[in-house]
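# Examination of the molecular architecture
Residues per chain are reported as follows:
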Amino acid sequence: MTRIIKNKRIVDDPWRIVTLAGGETPESVEVPETRAIVPLSVWLARKDEILARGEPAGVWLDAHEGPEAIAADLAHFALIAVNFPKFSDGRGYSTARLLRERHGYSGELRAIGDVLQDQLYFMKRCGFDAYAVRADKDIAAALAGLEEFPESYQAAADQPLPLFRRRSA
Amino acid sequence: MYRYDNIDRRIVDARVAQHRGQIARNLAGTLADEELRPVRLQNGLYIERHGPMLRIAIPYGLLSSTQLRKLADISRRYDRGYGHFTTRLNMQLNWPKFEETPAILDELASVEMHAIQSSGACIRNITADKFAGVAPDELADPRPYCEILRQWSTLHPEFAFLPRKFKIAVNGAAEDRAMIRMYDLGLQLTRAGSGDGGDGAGEIGLRVFVGGGMGRTPFVGQLMRDFLPRRHLLTYLEALLRVYNRYGRRDNLYKARIKILVNALGVEEFARQVEEEWAFSRDGPATLTDREFDRVAAYFAPPPYQSLPAGDPAFASAVAQDKTFAAWAERSVHAHRVSGYAAVTLSLKAPGKAPGDVTAGQMEALAELAERYSFGELRLTHEQNVVLADVRQGDLFAVWQKARAHGLATANVGLLSDMICCPGGDLCGLAYARSVPVALAVQERFGDPDDLRDLGEISLNISGCVNSCGHHHVGNIGVIGIDKNDEEWYQIVVGGRQGNATAIGKVIGPSFAAEEVPEVIDALIAVYRERRNGGERFIDTFERLGIEAFRERAYAGRERGKTASEQGAAHDQDHQE
């Protein structure tokens, strides 16, 4: 089973990510019975079918897919994953903050894709609590990336008050 | 100036430790070069033509004598005994060793400095008016705003990987000396009118310009908000950056700056999207408090000035008696808001020297001058000179003598030989052509001090490539290196200017070989000399006559002149990609 970082610990991951291979369509792709993280397109096309299973639902958003598309569905999800096609594509940070701070999503928020140690601190601050560190990397070593800095200036998903409101307290 | 507290210090220390770990992992083979690259750039570490280059951040250009001495020390111990002041108020070390960069960052941290976000697709070093706090035409000091923005932008978790770099400049004076209209985001401090929706008329806030920039596709920034109350500074900028982070283009490096997004949407639509986003955070916890503003502003309180008469007799008599001193003072001494004081620009454009380069010995001399005569602080300027902002008029002669002994008193500030110039192809991995030899050739041709004085104020800005670090778009005369079949060629642009009437220069025609550049500049100058009216500056004459008179002379006797206008049109297209 794949291992991920979740809530600052390395754990086994029971979920499976569904992707569309060449020729597959959202309508035709096979979705596992349980613990499937489906692409947004599959969710939008087969929401009723997935919900009818009565299993915890998971969806993943690609970098260009904002949270607006699932804002009304958040109560259905046990897990939302945000894909980083390249670690230097920073759109997922905004997606995460919006899910947490604007839409009030409180389930698992997982970074997937090109997820590396040196970005984990920023991801954590933006509201991620699970990280599928890229498979070729040492996940135990990457764990240190979550605690890189002792303090931060800005308000974000992990800390609603900017430093200046705490500094002067 | 701002001083770190324990929290600021711990954050910078943690950043150094992180960099040290990244370098170690890279050397151990567990962090690939392409994975290190974006994160090392965010600590100012480039890999250039001959090896690493380290760009050290100098927030809004403000340095203490202690810090400058440390830079001198670092340049001696870790480099070749000199540094380069850039047009973005940073210092570049051109010969550091890759594996020694963590040690350099440690040294910097010991004097409250760092290289955080001096490069990379993130919010960069924030710049301000070189005369901040002392200019007679200033409404409010921009430095507290800059420092508040520095802290907010430092390690901002959401905006570490923007589509492209993002640069902010703040001006607090009537005249724009911070080039705010050529920045991704330009902030002009202003006073509220009656209908501005602030706490009331007279409140200080910000006028917001967006989408300016140089590079391949130059744009003058557009006004997107006429008045933003100060307390909304951070929530509004966060909304603006979020719109850019989400919707700025990432498919093409050359179209990824915010100027492209703003122009694709139109500034009204961009502003509307920002306002829509801002509605969610407006008046929320990130709203700037008066208490925080006052805490930061207190660090920029005026130094303990003496009470002095307006005109110092010793200064007046030195000017009357010493023509060389008088010529320097005319260019280098600037009005100050406090009676009996002056701001002084020390030129880093001595003949035969690469513009902006400064030796360790000069750094120490500058530190000494600041300590003795200007409350221990200095400012860098985007023209790549150094300002002592608070000199007693009675000390000006002594400052001049000491500066002169270190090659820091060239009387050319604002004149043709005070050119802005990037490091160019001698060092930079991006450059298409060398810029420093062109600068030196022009200096040599226009070396006569009386001749320079006669020509008056004119800006000559030289970039080694389209990235425009040498600000060629806003030079009265701009020179830009281009690559034609692996050969160095140079395009000339004319009519650019900075300030309140910011304008982007126009390409004059087909490009020139390096040895032709001084001749062409000579030709442009000749048109000005012949046709100026009274006290007109070069730019005034240019705007009155138009480009044709200059174009014609530039190509007179050159074969390319025959097709100048056709080829010029082709180059204009190149300019916009």
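Everything numeric in this text was worked out from a predicted model, so none of it was measured. (Residues numbered from 1 in each chain as written. Chains lettered and ligands numbered in written order. Predicted model: local features only at pLDDT ≥ 70, side-chain atom pairs only at ≥ 80, totals over all residues. Heavy atoms only, no water.)

Below, the discussion takes up the overall build of chain B. Within chain B, the secondary structure is distributed over 19 helices and 20 strands. Computed over the C-alpha atoms, the radius of gyration of chain B is 23 Å, within 12% of the 25 Å expected from 2.2 N^0.38 for a compact globule of 577 residues. Dimensions along the principal axes, computed over C-alpha positions, put chain B at roughly 65 × 60 × 60 Å. Classification of the 577 residues of chain B by burial places 63% in the buried group. Across chain B, the fraction of contacts at a sequence separation of at least 24, relative to all contacts at a separation of at least 6, is 69%. Per element, the accessible surface of chain B, about 21000 Å² overall, is 49% carbon and sulfur. In chain B, 69 side chains carry a positive charge and 76 a negative one; their mean positions are 1 Å apart. (Helix = DSSP H or I, 4+ residues; strand = E, 2+ residues; numbered from the N terminus. Rg over C-alpha atoms; globule rule 2.2 N^0.38 Å. Buried < 20%, exposed > 50% of the residue type's maximum accessible area, 1.4 Å probe, protein only. Contact = heavy atoms within 4.5 Å. Areas by Shrake-Rupley, 256 points an atom, 1.4 Å probe, with all protein chains shown as cover. Lys, Arg positive; Asp, Glu negative; His and termini not counted. Charge placed at Lys NZ, Arg CZ, Asp CG, Glu CD.)

Glancing now at unusual backbone geometry. Residues and elements named next belong to chain B. Of note, the phi angle at Leu-89 is positive, near 60 degrees, even though the residue is not glycine. With respect to the helices, strands and loops of the structure, Leu-89 is situated in the loop between strand S4 (82-85) and strand S5 (90-93). The exposure class of Leu-89 is buried, given its relative accessible area of 2%. Phi angles above zero are rare outside glycine, and Asp-283 is one such case at about 65 degrees.

Turning our eyes to something else, we now look at the pattern of salt bridges. One pass over the full model with this rule turns up 71 salt bridges over all chains. A salt bridge links Glu-68 of chain A to Arg-246 of chain B; its shortest N-O distance comes to 2.8 Å. One end of the pair, Glu-68 of chain A, is in the loop between strand S5 (57-61) and strand S6 (77-84); the other, Arg-246 of chain B, is in helix H6 (residues 233-247), on a second chain. Residue classification places Arg-246 of chain B among the buried residues on the basis of a relative accessible area of 13%. The shortest N-O distance in the salt bridge between Arg-453 of chain B and Glu-330 of chain B comes to 2.8 Å. One end of the pair, Arg-453 of chain B, is in helix H15 (residues 449-455); the other, Glu-330 of chain B, is in helix H11 (residues 323-332), and 123 residues separate them in sequence. Take Arg-453 of chain B: its relative accessible area is 41%, and that puts it in the partly exposed class. A residue is classified by how much of its surface remains accessible, and Glu-330 of chain B, at 47% relative accessible area, is partly exposed. One connected set of salt bridges, linked through shared partners, spans Arg-97, Glu-101 and Arg-102 of chain A together with Glu-158, Glu-238, Arg-242 and Glu-277 of chain B. (Salt bridge = Lys/Arg side-chain N within 4 Å of Asp/Glu carboxyl O.)

By a widely used convention, the size of an interface equals the accessible area lost when the partners come together. The interface is formed by 39 residues belonging to chain A together with 46 residues belonging to chain B. Counting each side, the surface lost to burial between chain A and chain B is near 3700 Å², with a carbon and sulfur contribution of 56%. In terms of surface lost to chain B, no three residues of chain A exceed Tyr-153, Phe-164 and Arg-167 of chain A, which account for 19% of the buried area on that side. Between Arg-102 of chain A and Glu-277 of chain B there is a salt bridge, and its shortest N-O distance comes to 2.5 Å. If you look at where chain A meets chain B, you find 21 residue pairs in polar contact (both at pLDDT 80 or more). (Buried area = accessible area lost by both parts, 1.4 Å probe. Polar contact = N/O pair within 3.5 Å; in protein donor to acceptor, adjacent residues only side chain to side chain.)

Residue and element names in this part refer to chain B. In space, the five strands of this open sheet follow the order S6-S7-S8-S9-S10, with mixed pairing throughout. Each end of this open sheet is capped by a strand with a single partner; those strands are strand S6 (127-128) and strand S10 (222-229). Inspection of the sheet shows strand S8 (residues 185-191) paired to strand S9 (residues 204-210) by seven bridges, in the antiparallel sense. Paired with Leu-189 across the strands is Leu-206, a residue of S9. (Pairing = 2+ DSSP bridges.)

In this section: the packing of aromatic side chains. For the coordinates displayed, the defined rule picks out 23 aromatic pairs over all chains. Taking 5.3 Å as the distance between ring centres and 50 degrees as the angle between the ring planes, the aromatic pair formed by Phe-542 of chain B and Phe-550 of chain B counts as tilted. The two residues Phe-542 of chain B and Phe-550 of chain B agree in class, both being buried. Through pairs of rings, three or more aromatic residues link up here, namely Phe-84, Phe-87, Tyr-93 and Phe-128 of chain A together with Phe-161 of chain B. A cation over a ring is seen here: Arg-230 of chain B above Phe-293 of chain B, with NZ or CZ 3.8 Å from the ring centre. (Phe/Tyr/Trp six-rings, centres within 6.5 Å; stacked < 30°, edge-to-face > 60°. Lys NZ or Arg CZ within 6 Å of the ring centre and 35° of its normal.)

For the rest of this paragraph, the subject is the confidence of the model for chain B. Per-residue confidence for chain B gives a mean pLDDT of 94; residues scoring 70 or more make up 95%. Contacts of residues 561-577 of chain B to residues separated by more than four positions or lying in other chains number 26 contacts, the stretch itself having pLDDT below 50. (pLDDT = per-residue confidence, 0-100.)

Here we come to the packing of helix H1 (residues 6-28) of chain B against helix H2 (residues 33-41) of chain B. Residue and element names in this part refer to chain B. Where H1 contacts H2, the two axes come as close as 10 Å, and the packing angle between them is 160 degrees. One way to sum up the angle between H1 and H2 is to call them roughly antiparallel. When the axes of H1 and H2 are compared, the crossing they make is left-handed. Together, Gln-22, Ile-23 and Asn-26 of H1 and Asp-33, Leu-36 and Val-39 of H2 make up the contact between the two elements. By residue class, the composition of the contact of H1 with H2 is three nonpolar, two polar and one charged. (Axes fitted to C-alpha atoms, helices over the stretch in contact; angles between N-to-C directions. Parallel < 35°, antiparallel > 145°, perpendicular 65-115°, else oblique. Left-handed = near helix turned anticlockwise from the far one by under 90°. Nonpolar A, V, L, I, M, F, W, Y, C, P; charged D, E, K, R; others polar.)

In regular strands, side chains alternate between the two faces of the sheet. Residues and elements named next belong to chain B. On S5, burial covers both faces: Asn-90 and Gln-92 on one face and Met-91 and Leu-93 on the other are all buried. By the bridge criterion, four bridges tie strand S2 (residues 52-57) to S5 in an arrangement that is antiparallel. Its bridge partner being in S5, Arg-55 is matched across the sheet by Gln-92. Sheet topology note: the S4/S5 ladder contains two bridges and is antiparallel. Across the sheet, the residue bridging to Phe-85 is Met-91, located in S5. Remark: four residues form the turn of the hairpin made by S4 and S5, two consecutive strands paired antiparallel; Leu-89 in that turn has positive phi of roughly 60 degrees.

So, on to the domain arrangement of chain B. All names here are of chain B. In terms of domain boundaries, chain B breaks down into domain 1 (6-109), domain 2 (134-299), domain 3 (313-405) and domain 4 (420-575). Distance between the C-alpha centres of domain 2 and domain 3: 33 Å. Buried surface at the junction of domain 2 and domain 3, summed over both partners, amounts to about 640 Å²; 54% is from carbon and sulfur atoms. When the buried area of domain 2 at its contact with domain 3 is split by residue, Val-134, Pro-136 and Arg-143 rank highest and sum to 69% of it. The tally of links from domain 2 across to domain 3 stands at one salt bridge. We note a salt bridge from Arg-337 to Glu-138, for which the minimum N-O separation is 3.5 Å. Across the domain 2-domain 3 interface, the total number found is two residue pairs in polar contact (both at pLDDT 80 or more). For the side of domain 2 that touches domain 3, the per-class residue count stands at four nonpolar, no polar and three charged. (Domains from an automatic or database assignment.)

To continue, consider the packing of H11 of chain B against helix H13 (residues 396-405) of chain B. Residues and elements named next belong to chain B. Contact pair H11 / H13: the axes reach a minimum separation of 11 Å and the direction vectors enclose 95 degrees. On the basis of their axis angle, the class for H11 and H13 is roughly perpendicular. Side by side, H11 and H13 meet where Thr-324, Phe-325 and Trp-328 of the first sit next to Leu-396, Phe-397, Trp-400 and Arg-404 of the second. Within the contact of H11 with H13, the residues separate by chemical class into five nonpolar, one polar and one charged.

Turning our attention to the sheet that holds strand S20 (residues 506-507) of chain B. What links the strands of a sheet is backbone hydrogen bonding, and the strands pair in either a parallel or an antiparallel sense. Residue and element names in this part refer to chain B. Here we have five strands laid out as an open sheet, ordered S16-S17-S18-S19-S20, and mixed in their pairing. Each end of this open sheet is capped by a strand with a single partner; those strands are strand S16 (420-421) and S20. Of the strand pairs in this sheet, S16 and strand S17 (residues 460-463) are connected by two bridges, and their pairing is parallel. Opposite Cys-421, over in S17, you have Ile-462 as the bridge partner.

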